[in-house]
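Each chain, letter by letter, is given below.
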Amino acid sequence: MLKCFFRCVLAAHLAALSFLVSAQDWPAKTVTIVVPFPPGGTTDVLARAVANKLSPVLGQPVIVDNKPGAGATLGAALVAKSPADGYTLLMGAVHHTIAHSVFKKLTYDFQKDFAPITTVALVPNVLVVNAQNPASNVRDLVTAAKSATHKLSYGSNGNGTAQHMIGTQFQQVTGAQILHVPYKGSAPLTTDLIGGQVDMSFDTVTPVLPFIKEGRLRPLAVTTAKRSSALPDVPTLQEAGVPGIAIGTWFGLLDPAGTPARVVAKLNAELVKIIQSADFKKQMLDIGAEPVGDKPEEMARQIKEETAKFANLVKTANITLD
């Protein structure tokens, strides 16, 4: 019995020592950034931009793995269950602070099961319609929605995402009833918006900006408190006569909870350097994103505050999903 006890203690000690050595040697292999959306959307674009810059700094491959589904919660659940060793990261977003209140059967807690590293960027959302849509401003759109013989529709990146919440709040404030059509990501949503299968979206600027510039989509308003630097002539919803909505989408990297503090600190230091570099800032601004690069504790505070804020909105709108 005593021999078995000492054998167990020794095994535990060796495991802890191995984990410590592994943390000190990090990174010693490929780092994976899990994107909980399909390729082509803002989350994917930002993850790939970061991966391209981070790989040469770490001296290891940094790859992007798309795991879409269930309003970005499938990818998050995968990372939450991954080893806490710094080799599997999540490109998280504001959507994950909403999911906590929307989905009744989440297998993870976003605040408890993840270690924030840094916020990469804030991207304004924009209300856009097909260029063939007769609405030239938000007032025209609301009037059309109220008088239409059939419901107008808006697409989102999925149930419980920021686009879903913006659409919900837009209806509450304007009194217009608009059908919500959830997609798995921005790419299929934008395709259907251009094709006329949905009437509007509240997507982030990045995936729709090229089509706005081509004249295939028309921006009516941004959903943030201030105008977007990428669309300086487009008013905010407040300016367009819809008060009380000030929601943008932040994107940031997180480790599974329990990742060694040394690994989190190294990732934060290297990522902040990348995010605040002149070429990365230009790359972000060109796609309508505003680079951030904050500390882990600042990102954690943002997550806590927004989880509480969206919980109130979800409760008011009475949105719950399995």
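Rules and cut-offs
- Residues numbered from 1 in each chain as written.
- Predicted model: local features only at pLDDT ≥ 70, side-chain atom pairs only at ≥ 80, totals over all residues.
- Heavy atoms only, no water.
- Core = buried A, V, L, I, M, F, W, Y, C linked by side-chain atoms within 4.5 Å.
- Buried < 20%, exposed > 50% of the residue type's maximum accessible area, 1.4 Å probe, protein only.
- Helix = DSSP H or I, 4+ residues; strand = E, 2+ residues; numbered from the N terminus.
- Contact = heavy atoms within 4.5 Å.
- Pairing = 2+ DSSP bridges.
- Right-handed = clockwise from strand over helix to strand, strands pointing away.
- Expected span 1.5 Å × (residues − 1).
- Axes fitted to C-alpha atoms, helices over the stretch in contact; angles between N-to-C directions.
- Parallel < 35°, antiparallel > 145°, perpendicular 65-115°, else oblique.
- Left-handed = near helix turned anticlockwise from the far one by under 90°.
- Nonpolar A, V, L, I, M, F, W, Y, C, P; charged D, E, K, R; others polar.

**Brief notes about the nonpolar core**
- Membership of the largest hydrophobic core comes to 48 residues, with the highest contact counts inside it found for Ile33, Met91 and Leu253.
- For this core, the element with the highest residue contribution is helix H2 (residues 42-58), accounting for 7 residues.
- Leaving out residues up to four positions away in the same chain, Ile33 has contacts with Ala47, Val50, Ala51, Val62, Ile63, Val64, Asp65, Leu89, Met91 and Leu253.
- Grouped together as the second largest cluster of nonpolar side chains are 44 residues, Ala77, Tyr108, Phe110 and Leu313 included.

**What to know about the side chain of Thr32**
- Within the secondary structure layout, Thr32 lies in strand E1 (residues 31-35).
- A relative accessible area of 15% means that Thr32 is categorised as buried.
- When near neighbours in sequence (up to four residues on either side) are disregarded, Thr32 contacts Ile63, Asp65, Tyr87, Thr88 and Leu89.

**Some remarks on the pairing of strand E6 (residues 152-156)**
- Among the 5 residues of E6, 5 are classified as buried, and the element is accordingly described as predominantly covered.
- A two-sided burial pattern is seen for E6, the buried positions comprising Leu152, Tyr154 and Ser156 on one face and Ser153 and Gly155 on the other.
- Bridge count for E6 against strand E7 (residues 178-182) is 5 bridges, and the pairing is parallel. The partner of Gly155 across the bridge, within E7, is Val181.
- Tracing the backbone out of E6, into helix H6 (residues 162-174) and back to the parallel element E7 gives a crossover that is right-handed.
- Strand direction decides the pairing type here: E6 and strand E8 (residues 200-201), joined by 2 bridges, are parallel. Within E8, the residue paired with Tyr154 across the bridge is Met200.

**Considerations on helix H9 (residues 261-275)**
- In this model, H9 (15 residues) spans 21 Å end to end at C-alpha, consistent with the 21 Å of a helix rising 1.5 Å per residue.
- The set of residues buried in H9 consists of Val263, Val264, Leu267, Asn268, Glu270, Leu271, Val272, Ile274 and Ile275.

**Regarding the packing of helix H7 (residues 186-195) against helix H8 (residues 205-214)**
- Here H7 crosses H8 at 30 degrees, and the two axes come no closer than 10 Å. With respect to H8, the axis of H7 lies roughly parallel. Considering the relative orientation of H7 and H8, their crossing is right-handed. Between H7 and H8, the contacting residues are Ser186, Thr190 and Ile194 on the first element and Pro207, Val208 and Phe211 on the second.
- Considering only residue class, the contact of H7 with H8 consists of 4 nonpolar, 2 polar and no charged.

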